[in-house]
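Observations on the model geometry
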Amino acid sequence: MQQANISIRVDKSLKEKFCDLCDEFGLTTTSAIQIFMKAVVRERKIPFEIKEKKSIENKIYMDNILSMRETAAQYGIQDLSLEEINAEIAAARK
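Summary of the structure given here.

1. Structural notes on the environment of Phe18
For Phe18, the position within the fold is in helix 1 (residues 12-25). Between the C-alpha atoms of Phe18 and Thr28, which are 10 residues apart in sequence, the distance is 10.0 Å. Sequence-distant contacts of Phe18, defined by excluding residues within four places in its chain, comprise Thr29, Ala32 and Ile33.

Here it is as structure tokens:
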């Protein structure tokens, strides 16, 4: 089979971490990338989910907001005004 080269630029730290992990798996970097490429061609898709970073951050943010709302509802403080919240904080600090 005729061979071809692929040349890419990556962050040095990422490359080192990837190479170290491949070594732990008993693979060369080249063989790991070939496995990835063969899976993409065979399955005709990226073999893992790719999400927009912003979407992930937004989901984490919204999950935290909803969790705080649930906690506030449990303690009956979900309807406090900003002034009441600041008073609660001030009292807790004393």
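2. Description of the pattern of salt bridges
Close approach of charged atoms lets side chains of opposite charge pair. If you walk through the whole model with that rule in mind, you get one salt bridge. Arg42 is the salt-bridge partner of Glu43, the closest N and O atoms lying 3.5 Å from each other. You can call Arg42 exposed: its relative accessible area is 60%.

3. Overview of the packing of helix 1 against helix 2 (residues 29-43)
Where helix 1 contacts helix 2, the two axes come as close as 9 Å, and the packing angle between them is 90°. In terms of axis orientation, helix 1 runs roughly perpendicular to helix 2. Contacts between helix 1 and helix 2 involve Phe18, Cys19 and Cys22 from the first element and Thr29, Ala32 and Ile33 from the second.

4. Examining the layout of surface pockets
Summary: where empty space remains is shown by rolling a probe the size of a single water molecule over the atoms. Of the voids in this model, the largest pocket is the one considered here, and its volume is about 870 Å³. Ile6, Thr30, Ile33, Gln34 and Met37 are, among the 22 residues lining the largest pocket, the residues nearest its centre. Those elements that place two or more of their residues in the lining of the largest pocket are helix 1 and helix 2. Classifying every residue of the lining of the largest pocket gives 13 nonpolar, seven polar and two charged. Here the second largest pocket is characterised by a volume of approximately 240 Å³. The wall of the second largest pocket is formed by Ile65, Met68, Arg69, Ala72, Ile77, Gln78, Leu80, Ile85, Glu88 and Ile89. The dominant element in the lining of the second largest pocket, judged by the number of residues it contributes, is helix 3 (residues 53-74), at four residues. Broken down by class, the residue content of the lining of the second largest pocket amounts to seven nonpolar, one polar and two charged.

5. Topic: a nonpolar patch on the surface
Together, Ile6, Ile8, Val10, Leu14, Phe18, Ile33, Phe36, Met37, Ile46, Phe48 and Ile50 give the surface a local cluster of nonpolar side chains, amounting to about 1,000 Å² of exposed area. Looking at the nonpolar patch, the elements with two or more residues in it are helix 1 and helix 2. Sort the elements by how many residues they give to the nonpolar patch and helix 2 lands first, with three residues. Mapped onto the fold, Phe36 is located in helix 2. Judged by relative accessible area, Phe36 falls into the partly exposed class, the value being 35%.

The rules behind the values
- Residues numbered from 1 in each chain as written.
- Predicted model: local features only at pLDDT ≥ 70, side-chain atom pairs only at ≥ 80, totals over all residues.
- Heavy atoms only, no water.
- Helix = DSSP H or I, 4+ residues; strand = E, 2+ residues; numbered from the N terminus.
- Contact = heavy atoms within 4.5 Å.
- Salt bridge = Lys/Arg side-chain N within 4 Å of Asp/Glu carboxyl O.
- Buried < 20%, exposed > 50% of the residue type's maximum accessible area, 1.4 Å probe, protein only.
- Axes fitted to C-alpha atoms, helices over the stretch in contact; angles between N-to-C directions.
- Parallel < 35°, antiparallel > 145°, perpendicular 65-115°, else oblique.
- 1 Å grid on protein atoms, 1.4 Å probe; cavity = no way out; pocket = protein on both sides within 12 Å on 5 of 7 lines; lining within 4 Å.
- Points joined across faces, edges and corners; volume = space filled by probe spheres on them.
- Nonpolar A, V, L, I, M, F, W, Y, C, P; charged D, E, K, R; others polar.
- Patch = residues over 30% accessible without salt bridge, like charges linked within 9 Å, V, L, I, M, F, W, Y side chains within 5 Å.
- Areas by Shrake-Rupley, 256 points an atom, 1.4 Å probe, with all protein chains shown as cover.

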